[in-house]
Amino acid sequence: LSRRLFMGTVAAAAIAGLTPAIAADPIKLRISTPAVEADWHAKMLPVFKEELEKAAPGQFDVEIHLNGTLFKQGTEPAAMQRGNLEMAMISAFDIAKQIPEWSIFTAGYLLRDPEHQTKVFESGIGKEMYGLVEDKMNIKILNVGYLGTRQLNLRTEKEIKTPADLAGVKLRMPGSDTWLFLGKALGANPLPVAFGEIYTALQTGAIDGQDNPLPTVRAAKFYEVTKQIALTDHLVDAIFLSLAGSTWNKLDDKQKAAVMNAAKAAVRFNNENRIKEEAQLADFFKSQGLKVYKPDVEAFRQQVQKAYLESELSKSWPKGMVDRVNAIK
Ligand code: KDO
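Numbers given to residues run from 1 along each chain, matching the order in which its sequence is written. It should be noted that, the model being predicted, local features are given only for residues of pLDDT at least 70 and side-chain atom pairs only at 80 or more, the latter also being counted only at that level, while totals for whole chains, interfaces and linings use all residues. As a rule here, side-chain values come from all non-hydrogen atoms in the structure, and water together with hydrogens is ignored.

Within the chain, the regular secondary structure consists of 13 helices and nine strands. Projected onto its principal axes, the C-alpha positions of the chain cover 80 × 45 × 35 Å. Across the 329 residues of the chain, 52% fall into the buried class. When contacts within the chain are restricted to residue pairs at least 6 apart in sequence, those whose partners lie at least 24 apart make up 76%. Split by element, the accessible area of the chain, about 15,400 Å² in all, is 53% carbon and sulfur. In this tally Asp and Glu are treated as negative and Lys and Arg as positive; neither His nor the chain ends contributes. Where a charge sits is defined by one atom per residue type, namely NZ (Lys), CZ (Arg), CG (Asp) or CD (Glu). For the chain, the centre of its 41 positive side-chain charges and the centre of its 39 negative side-chain charges are spaced 1 Å apart. Counting from the N terminus, the helices are DSSP H or I runs at least four residues long and the strands are E runs at least two residues long. Only protein chains enter the calculation, and the probe is 1.4 Å; a residue is then buried if its accessible area is under 20% of its type maximum, exposed if over 50%, and partly exposed in between. We call two residues in contact when some of their heavy atoms are within 4.5 Å. Throughout, the Shrake-Rupley method with a 1.4 Å probe supplies accessible areas, and for residues the shown protein chains are the sole cover considered.

Our focus in this paragraph is the packing of aromatic side chains. What counts as a ring pair is set by centres within 6.5 Å for rings of Phe, Tyr and Trp (its six-membered ring), and what kind of pair is set by the plane angle: stacked under 30 degrees, edge-to-face over 60, tilted for all other angles. Evaluated as defined, the whole model comprises 15 aromatic pairs. Here W102 and F240 contribute two aromatic rings whose centre-to-centre distance is 5.2 Å and whose plane-to-plane angle is 85 degrees, an arrangement assigned as edge-to-face. Of this pair, W102 sits in the loop between α4 (92-96) and α5 (114-122) while F240 sits in strand β8 (residues 228-244), and the two are 138 residues apart along the sequence. According to the relative accessible area criterion, W102 is buried, its value standing at 0%. Overall, F240 belongs to the buried group, its relative accessible area being 0%. An aromatic cluster is present here, built from W102, F105, F121, Y130 and F240 joined pairwise through their rings. Whether a charge sits over a ring comes down to the Lys NZ or Arg CZ being within 6 Å of the ring centre and within 35 degrees of the ring normal. Lying over the aromatic face of W40, K43 brings its terminal NZ or CZ to 4.2 Å of the ring centre.

To continue, consider unusual backbone geometry. With the exception of glycine, the majority of residues adopt a negative phi angle, and the majority of peptide bonds are in the trans configuration. Unusually for a residue other than glycine, N67 sits at a positive phi of about 55 degrees. The topology assignment puts N67 in the loop between β2 (60-65) and α3 (76-81). Here the phi dihedral of N138 falls at roughly 55 degrees; this positive angle occurs in a residue that is not glycine. Looking at where N138 falls in the secondary structure, it is placed in the loop between α6 (124-137) and β4 (139-154).

H41, Q73, R150, R172 and N212 are the nearest of the 13 residues found near the ligand. Think of a polar contact as two N or O atoms within 3.5 Å of one another; within protein, one of them needs to be a possible hydrogen donor and the other a possible acceptor, and neighboring residues in sequence only count if both atoms come from side chains. The separation between an oxygen atom of the ligand and a polar side-chain atom of N212 is 2.7 Å. Taking 370 Å² as the accessible area of the ligand by itself, protein coverage stands at 95%. Ten residues, namely Ala, Val, Leu, Ile, Met, Phe, Trp, Tyr, Cys and Pro, are considered nonpolar, four, namely Asp, Glu, Lys and Arg, are considered charged, and the remaining ones, Gly among them, are considered polar. In terms of residue class, the shell around the ligand is built from six nonpolar, five polar and two charged. The nearness test applies per residue and asks whether one of its heavy atoms lies within 4 Å of the molecule or strand.

This part covers the side chain of R150. With respect to the secondary-structure elements, R150 resides in strand β4. Within polar-contact distance, the side chain of R150 engages the side chain of D237 at 2.8 Å. Leave out the neighbours within four places in its chain, and R150 touches R172, P174, W179, D211, N212, P213, T232, D233, H234, L235 and D237.

Summarising the element assignment, K264 is placed in helix α11 (residues 253-287). Of the residues examined, K264 reaches a relative accessible area of 47% and is grouped as partly exposed. Separated by 142 residues in sequence, K264 and E122 place their C-alpha atoms 12 Å apart.

Moving on to the nonpolar core. Counting 56 residues, the largest nonpolar core has I95, W102, F105 and F240 as the members making the most contacts within it. Sequence-distant contacts of F105, that is, excluding residues within four places in its chain, are made with A92, L110, V120, F121, I125, M129, L235 and V325. Core analysis: the next-biggest nonpolar cluster, separate from the first, contains 27 residues, L52, F60, M89 and A262 among them. By convention a nonpolar core is built from buried Ala, Val, Leu, Ile, Met, Phe, Trp, Tyr and Cys residues, the set being connected through side-chain atoms within 4.5 Å.

On to the pairing of strand β3 (residues 87-90). Successive side chains on a regular strand alternate, one facing one side of the sheet and the next facing the other. Side-chain alternation along β3 places M87 and M89 on one buried face and A88 and I90 on a second face that is also buried. For two strands to be treated as a pair, DSSP must find at least two bridges joining them. As paired elements, strand β1 (residues 27-32) and β3 share two bridges and run parallel to each other. Residue pairing for β3: S32 is matched across the bridge by A88. The sheet contact formed by β3 and β8 spans four bridges and is antiparallel. Each bridged residue has a counterpart across the sheet, and for M89 the counterpart in β8 is L241.

The next thing to look at is the packing of helix α7 (residues 177-185) against helix α12 (residues 297-309). Lines fitted to C-alpha atoms define the axes, with helix axes restricted to the stretch in contact, and inter-axis angles between N-to-C directions lie between 0 and 180 degrees. Between α7 and α12, the shortest axis-to-axis distance is 9 Å and the interhelical angle comes to 135 degrees. Accordingly, the angle class assigned to the pair α7 and α12 is oblique. Classified by chirality, the crossing of α12 by α7 is right-handed. When α7 is examined against α12, the residues T178, F181, L182, K184 and A185 are found in contact with a partner set consisting of Q303, V304, A307 and Y308. For this classification, under 35 degrees means roughly parallel, over 145 means roughly antiparallel, 65 to 115 means roughly perpendicular, and everything else is oblique. By convention, the crossing between two helices is left-handed when the near helix turns anticlockwise from the far helix through less than a right angle, and right-handed when the turn is clockwise.

Structure, rendered in structure tokens:
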């Protein structure tokens, strides 16, 4: 019956002189991320999905995969490049593995705050640096989201005032050379551990601490297994909502615009909520019994900036880029 009804509809449309719209299969967009459900960059993904479905009904099938269950943390870019994954939220650290120029955005104490971050990536700098990612990695960056400002979160008692106080402290970092460089620049003994293993590593004492923005310390419950937070503000961190170039190139202009708009709405949702929550979290952690305090941030800034400027990494940064980033107000 349903088949006959369908034929009837097509025939009726033909008689009326209309082309029957036979819907094409929706384009599948699987998003893979290590993020936990309670974190804002995970919560922004349903916003992306809803906005896209509203703008282009039936044209996309967005699937959200959290907790690194589809692809392991850090393997997403290669998966997108091989055509095995359509979407991810990648970091400057992931990009720097393939494009050394990008290690500039892995440097501590370069971007000043979330507003500076947005302005930098909306400027010609963003255009240039995103262009490199398109050309060299065949990945289309849709937009940048504020991941938060990274802080030190330790299970040990001793207060950390200066980089010297981190000597011998086993500080978990995500597993790549540029992340380990940051841990070392801070004065710690960096150990690579995947995001999903941090909680247990803190609980068992396999590591002394980890660094993440406060909203992530809350969302992943690291405060349950740590004793203190030193507000070093060492990295204004970003995530880049990205699409595999092979998927992007399949879209028509309207679909591209719908995807860009949905990404913008998702990032706005993330940034607004994260910035608001980040400002309130010190009190929450104190209520949970943690010590939360400002160390000698100037001492950290000086040591970290010096380490980057004297490093091999900085030799690959585009000429004049540090000055251009600093000049953005
Ligand atoms: C982390 O592993 O510490 C990190 O914060 C690094 C980020 O680049 C990003 O991968 C993030 O984890 C995950 O999205 C989990 O929040």
